[in-house]
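# Examining the three-dimensional arrangement
This is what each chain is made of:
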Amino acid sequence: MTDKNLYMDINVLQTVPSSNINRDDTGAPKTALYGGVTRSRVSSQSWKHAMRREFNENKHDNEGIRSKDVAILLAKTIQQQDASLDDETAMAKSASIFAAAGIKLDKKTNQTGALLLVSQGQVDKLAKYAIDHEDYDKKEVKAVLKGDQSLDLALFGRMVADNPELNVEGSAQVAHAISTHEIVPEFDYFTAMDDLQPEDNSGAAMLGTVEYNSSTLYRYANLNLRELSDNLAGGDAVGVAMDFVKSFLLSMPTGKQNTFANKTLPSYVMITLRDDTPVNLVSAFEKPIESKTGYVGPSIKALEKEYEQTLKFVDVPIDTVVLSTEASNEGVEATNLQDLYTKVSDSLKKVAENEDTAD
C-alpha cells in the first residue's frame, strides 16, 4: 500500500449502563486508578477477543484459529487431503511438521504449550506440504507459517515462545478502555425463588451479590497501515482496515450480558489519519469529568480540546472524520456509520494512490 508509515487513530466515547462486562479474579468489574480517582476499565485483551468474535459472527472468510490443538487440527486436515492416511500416520506427520517449526508438543495430548494463532490457509498449506514431502525443511515450514495471514493474525500479531522466528508483529494496538470520570462500585443484592417450594416456606432458594458500575468509556485503538500491508503481503489492506474499524466500533465484551443487557453503541467516533505518530487522547480525561447531567457532552468537549492541544506537538493530520450524537467542532462530519466508513475508506485509498503516483 505504502512504504511510509500511515497511522489510523480511532477514538470512541461510549456510555455503558449498569454492567460487569470484564471481571477481575474476584468477579468484580475491572478498574484503574487514573488522575487520582477510580475509573471503570475494560482490558484490551477482552475487547480484542470481542472483535475476533465479531469477525466470526460476520462469517468473515479470513479469521484465524487460536488453540492448543492446532497440531490435531493439522492431522485432521492432512487426512481430509489424503483419505488413505490413518489417524496415527497423519498425527505423526503433523508432529514432524511442528518439530521442524521448532514448536514443542505434549507427548500425551499433542497440544502446544500455549495457545497458537494460525490461519486456515496456513493449516491447509502445511497439510499439503506434509503429504508432498517425506523430509521437512525448517525454512520452508517457517515460510508457510509466516504467509497467508488471517485478518486477526495480521492485525493483532502472534508470539511463539518456542520459536521467536515465527512471531508476527501486530499492526494494530488496542488500549484499555477507561471511564472519563470517577466511578463508585455498586452492588446488586439478588434472590432466586424455587417455583416448587412449599407454600409455608417464604425463604429464597438462593441469594447473593453482583458488583457492577455504569460509565462513559473512552476507547482508543490505532492501526499502522504499512505494517498491515506488509503482513498481508500486498493484500487488501484498506479492506482489512475497514473491517478492523467496524469490529472495533460494534463489538462489546459479553461478561454478564444476560444479567444486565448492556449492549450499547458509540456516542462519538473520531478517526484520524496521521503520517508521523499515533496519538492516544486519554490525557483529555486525566482530570476526571464532573457532571450532574450526563458525561457524553463534557467528554466530547474535553476530547476535542485535547485533540487541538496535541497539534502543538505533532503534524496536522492528513484527515479527520467525526461521527457524533452531539455537536462537534472537529474534522469532516459523517452523517451516519456507513458514511463514516465511506469517508475513511476513500481517504485511505487516496493516500495509497498518491504514494503510488509519487513512486
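The coordinates are above.
The structure reproduced in this document is the subject of the present report. What you are looking at is a predicted structure, and each value in this text was computed from that prediction instead of being measured.

## Some details on the overall build of the protein
- A tally of helices and strands in the protein yields 11 helices and 12 strands.
- Referenced to the eigenvectors of the C-alpha coordinate spread, the extents of the protein come out at roughly 80 × 70 × 35 Å.
- Per-residue burial for the protein yields a buried fraction of 47% across its 359 residues.
- Taking contacts inside the protein between residues at least 6 apart in sequence as the whole, the part at least 24 apart equals 72%.
- When the accessible surface of the protein is totalled, it reaches about 18,500 Å², and 48% of it is carbon and sulfur.
- Averaging the locations of the 37 positively and 55 negatively charged side chains of the protein gives two centres separated by 3 Å.

## A look at helix H3 (residues 87-101)
- Along its 15 residues, H3 runs 21 Å from first to last C-alpha, staying within 8% of the 21 Å computed at 1.5 Å per residue.
- All of the buried residues along H3 are Ala90, Met91, Lys93, Ser94, Ile97, Phe98, Ala100 and Ala101.
- The inward-facing, buried residues of H3 abut helix H2 (70-81), strand S5 (116-119), helix H4 (120-132) and helix H5 (138-146).
- Taken from the residues just after H3, glycine 102 is the one with a positive phi, measuring 80 degrees.

## Digging into the packing of aromatic side chains
- A full pass over the atoms with the stated rule returns 5 aromatic pairs.
- Following the ring pairs from residue to residue traces out a cluster consisting of Phe156, Phe244 and Phe248.
- Lying across the ring of tyrosine 341, lysine 246 places its NZ or CZ 5.2 Å from the centre.

## Some words on the environment of glycine 203
- Examined against the element boundaries, glycine 203 turns out to sit in the loop between strand S8 (186-192) and strand S9 (206-224).
- Each C-alpha atom, one on glycine 203 and one on methionine 193, is 7.7 Å from the other, the two residues being 10 residues apart in sequence.
- Beyond its immediate chain neighbours, meaning those up to four positions away, glycine 203 contacts Met193 and Gln197.

## Here we look at the nonpolar core
- In this structure, Met8, Leu155, Leu228 and Phe244 are the most contacted members of the largest nonpolar core, which totals 45 residues.
- Element by element, the count of residues in this core is highest for helix H8 (residues 237-250), at 9 residues.
- In contact with methionine 8, other than residues within four places in its own chain, are Ala221, Asn222, Leu223, Leu225, Ala241, Val245, Ile271, Thr272, Leu273 and Val344.
- If you look at the next biggest cluster of nonpolar residues, it comprises 26 residues, including Ile78, Met91, Ile103 and Val118.

## A word on the pattern of salt bridges
- Under the counting rule described, the total for this entry stands at 6 salt bridges.
- Here lysine 343 makes a salt bridge to aspartate 339, at a shortest N to O gap of 2.9 Å. With lysine 343 and aspartate 339 both in helix H11 (residues 337-358) and 4 residues apart, this pair spans about one turn of that helix.
- Of the residues examined, lysine 343 reaches a relative accessible area of 27% and is grouped as partly exposed.

Cut-off values and rules
Residues numbered from 1 in each chain as written. Predicted model: local features only at pLDDT ≥ 70, side-chain atom pairs only at ≥ 80, totals over all residues. Heavy atoms only, no water. Helix = DSSP H or I, 4+ residues; strand = E, 2+ residues; numbered from the N terminus. Buried < 20%, exposed > 50% of the residue type's maximum accessible area, 1.4 Å probe, protein only. Contact = heavy atoms within 4.5 Å. Areas by Shrake-Rupley, 256 points an atom, 1.4 Å probe, with all protein chains shown as cover. Lys, Arg positive; Asp, Glu negative; His and termini not counted. Charge placed at Lys NZ, Arg CZ, Asp CG, Glu CD. Expected span 1.5 Å × (residues − 1). Phe/Tyr/Trp six-rings, centres within 6.5 Å; stacked < 30°, edge-to-face > 60°. Lys NZ or Arg CZ within 6 Å of the ring centre and 35° of its normal. Core = buried A, V, L, I, M, F, W, Y, C linked by side-chain atoms within 4.5 Å. Salt bridge = Lys/Arg side-chain N within 4 Å of Asp/Glu carboxyl O.

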